[in-house]
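Spelled out, the chains give:
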Amino acid sequence: MQPLISIITVCYNAGALLQRTIDSVVQQGYPNIEYIVIDGGSGLSTLEIIERNKARIQQVLIEKDNGIYDAMNKGLRIAKGDFVWFLNAGDLIYAHDTTEILAKLIDDQVDIVYGDTMLVDDQYKEVGLRSVLTVHPLPENLALHSMRFGMVVCHQSILVRRSIAPQYLLNNLSADIDWLIRSLQAANGKVVNAHLIICNYLMGGISKQKHQQSLKDRYVILKHFFGFWPNIWNHCLIVLRAIWHRIVGKVKY
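Residues numbered from 1 in each chain as written. Predicted model: local features only at pLDDT ≥ 70, side-chain atom pairs only at ≥ 80, totals over all residues. Heavy atoms only, no water.

**Student:** I'd like to hear about the overall build of the protein chain, residue by residue, with values.
**Tutor:** For the protein chain, the helix and strand inventory stands at nine helices and nine strands. When contacts within the protein chain are restricted to residue pairs at least 6 apart in sequence, long-range pairs at least 24 apart make up 75% of them. For the protein chain, the accessible area works out to roughly 12,100 Å², and carbon and sulfur atoms hold 54% of it. (Helix = DSSP H or I, 4+ residues; strand = E, 2+ residues; numbered from the N terminus. Contact = heavy atoms within 4.5 Å. Areas by Shrake-Rupley, 256 points an atom, 1.4 Å probe, with all protein chains shown as cover.)

**Student:** Describe unusual backbone geometry, listing the residues and the values that go with them.
**Tutor:** Trans peptide bonds make up most of the peptide bonds, and negative phi angles are found at most residues other than glycine. Phi at Asn13 is positive, roughly 50°, even though this residue is not glycine. Within the secondary structure, Asn13 is located in the loop between β1 (5-11) and α1 (16-26). Of note in this structure, Asn171 is not a glycine but carries a positive phi near 60°. Within the fold, Asn171 resides in the loop between β8 (158-161) and α6 (175-186). Overall, the relative accessible area of 79% leaves Asn171 in the exposed class. (Buried < 20%, exposed > 50% of the residue type's maximum accessible area, 1.4 Å probe, protein only.)

**Student:** Give a detailed account of the packing of aromatic side chains, specifying residues and quantitative values.
**Tutor:** As enumerated under the stated definition, the model contains four aromatic pairs in all. Taken together, a centroid distance of 6.0 Å and an interplanar angle of 85° make the contact between Phe86 and Trp179 edge-to-face. With a gap of 93 residues between them, Phe86 in strand β4 (residues 83-86) and Trp179 in helix α6 connect regions that are remote in the sequence. Taking relative accessible area as the criterion, Phe86 reaches 2% and is therefore assigned buried. An aromatic cluster of at least three residues, connected via ring pairs, comprises Tyr69, Phe86, Tyr168 and Trp179. (Phe/Tyr/Trp six-rings, centres within 6.5 Å; stacked < 30°, edge-to-face > 60°.)

**Student:** With reference to specific residues and values, describe helix α2 (residues 44-52).
**Tutor:** Residues of α2 that are buried include every one of Thr46, Ile49 and Ile50, and no others. Within α2, the buried residues cover an arc of 100° as seen down the axis, which keeps them to one side. Exposed side chains of α2 directed beyond 90 degrees from the buried face belong to Leu44, Glu51 and Arg52. Against the buried residues of α2 lie β1, α1, β2 (33-39) and β3 (59-62). (Arc of directions from axis to C-beta.)

**Student:** Give a description of the packing of α1 against α2 that names residues and reports values.
**Tutor:** Packing of α1 against α2 leaves a shortest axis separation of 9 Å and a crossing angle of 20°. The angle between α1 and α2 places the two elements in the roughly parallel class. You can see that α1 and α2 cross each other, and the crossing is right-handed. Of the residues in α2, those touching α1 at Ala16, Leu18, Gln19 and Ile22 are Thr46, Ile49, Ile50 and Arg52. (Axes fitted to C-alpha atoms, helices over the stretch in contact; angles between N-to-C directions. Parallel < 35°, antiparallel > 145°, perpendicular 65-115°, else oblique. Left-handed = near helix turned anticlockwise from the far one by under 90°.)

**Student:** I'd like a description of the pairing of strand β6 (residues 110-120), backed by residues and values.
**Tutor:** Each regular strand carries side chains that alternate between the two faces of the sheet. Across the eleven residues of β6, eleven count as buried, placing the element largely inside the fold. In terms of strand pairing, β6 meets strand β9 (residues 190-202) through nine bridges, oriented parallel. Bridging from a neighbouring strand, Val110 pairs with Lys190 of β9. Taken together, the three bridges between β6 and strand β7 (residues 126-129) define a ladder with antiparallel strand orientation. When the bridges of β7 are listed, Leu119 appears paired with Gly128. (Pairing = 2+ DSSP bridges.)

**Student:** Before we move on, could you go through the environment of Asn13 and cite the residues and values that matter?
**Tutor:** Residue class for Asn13 comes out partly exposed when judged on its relative accessible area of 44%. Separated by 32 residues in sequence, Asn13 and Ser45 have C-alpha atoms that sit 7.7 Å apart. Setting aside chain neighbours within four positions, we find Asn13 in contact with Ser42, Gly43 and Thr46. From its side chain, Asn13 meets the backbone nitrogen of Gly43 in a polar contact 2.6 Å long. (Polar contact = N/O pair within 3.5 Å; in protein donor to acceptor, adjacent residues only side chain to side chain.)

Structure follows, in structure tokens:
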């Protein structure tokens with residue numbers, strides 16, 4: 001039986017970025033998709049895009065929220081799929097057959113599927129694979145201990161079984177790290193590396209716009225799960241690896 005995959009896009013005044021994301025979802029060849037758009041009360045241009053595409057979207061919720069993670073929680077609450085997949089406005093599914101390939105990897109024993117991410121700039125020019133351009137490469141076998149260095153997998157390249165997916169923390173810019181750690185803790189089944197580029201990720205976002213606060217929030221989360229001294233050590237390793245990447249000329253995302 002083909003799993004139902006709920007793809008959730010949260011947006012606020014996303015403009016033309018939203019249309020690109022909608023197109024990338026509805027162009028998928030895989031038939032068993034529930035597409036959900038959660039809008040935080042955008043202006044007219046974004047609402048016109050949503051209205052124009054309503055026939056292509058299974059669920060639409062338009063109301064004010066308390067930030068991106070509140071909106072994502074709303075998406076989780078109304079999703080009906082076996083798996084949930086968050087794809088923010090501006091991000092694109094990598095290829096027309098990506099969802100079909102991912103679905104073939106899913107059976108009753110699988111709880112999480114993940115893969116690589118292509119970073120793109122504001123002109124949608126490919127910058128490079130996230131696994132190559134980040135300080136910490138994509139884990140071959142994603143596990144709880146993999147997360148001690150932070151978000152080693154792009155959030156838009158993870159599918160989680162809905163029955164184990166927790167709600168997001170509010171008022172924390174690194175809530176995606178907490179969410180994935182708790183998803184991994186709840187996973188009783190397999191965590192599958194798709195060995196596939198899953199999405200085009202539009203570089204930027206609120207965690208980059210408020211980078212210092214994001215780092216502080218990340219520290220708090222990682223200390224909670226891994227302890228004070230291990231977290232200090234892991235952050236020292238992060239800094240050392242970042243310095244090395246600069247020396248050898250790699251781009252640190």
